[in-house]
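Summary of the model geometry
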Amino acid sequence: MEQHSNWYKLAMPVGVITFSIGVLTLIYRMIRKVDRNAIIEMREEAHKKEKEGDAQ
C-alpha cells in the first residue's frame, strides 16, 4: 500500500502540469486563430478600399 501512494505523489503533479499545458496551448491556438482571421479581414478591407480609390 505504501508503494502506491509514492507513485501518486509523483503522478498527480505531472498529470496536473501536463493537463495545464494542454489547456493553455488550446486557448493560445484559439486566440491565434481569431487574431489571424481578424488580420486577414482587415487586409481584405484595405485591399477593397485601395481598389475603390484606384477606380476613382
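Figured I'd write up the structure that's included with this text. (Residues numbered from 1 in each chain as written. Predicted model: local features only at pLDDT ≥ 70, side-chain atom pairs only at ≥ 80, totals over all residues. Heavy atoms only, no water.)

Turning our attention to the overall build of the protein chain. Scanning the protein chain from N- to C-terminus turns up one helix and zero strands. Counting all 56 residues of the protein chain, 0% fall into the buried class. When the accessible surface of the protein chain is totalled, it reaches about 5900 Å², and 63% of it is carbon and sulfur. (Helix = DSSP H or I, 4+ residues; strand = E, 2+ residues; numbered from the N terminus. Buried < 20%, exposed > 50% of the residue type's maximum accessible area, 1.4 Å probe, protein only. Areas by Shrake-Rupley, 256 points an atom, 1.4 Å probe, with all protein chains shown as cover.)

Below, the discussion takes up a nonpolar patch on the surface. A grouping of Phe19, Val23, Ile27 and Ile31 is seen on the molecular surface, where their side chains present a nonpolar patch of about 390 Å² in accessible area. With respect to the helices and strands, phenylalanine 19 occurs in helix H1 (residues 2-55). (Patch = residues over 30% accessible without salt bridge, like charges linked within 9 Å, V, L, I, M, F, W, Y side chains within 5 Å. Salt bridge = Lys/Arg side-chain N within 4 Å of Asp/Glu carboxyl O.)

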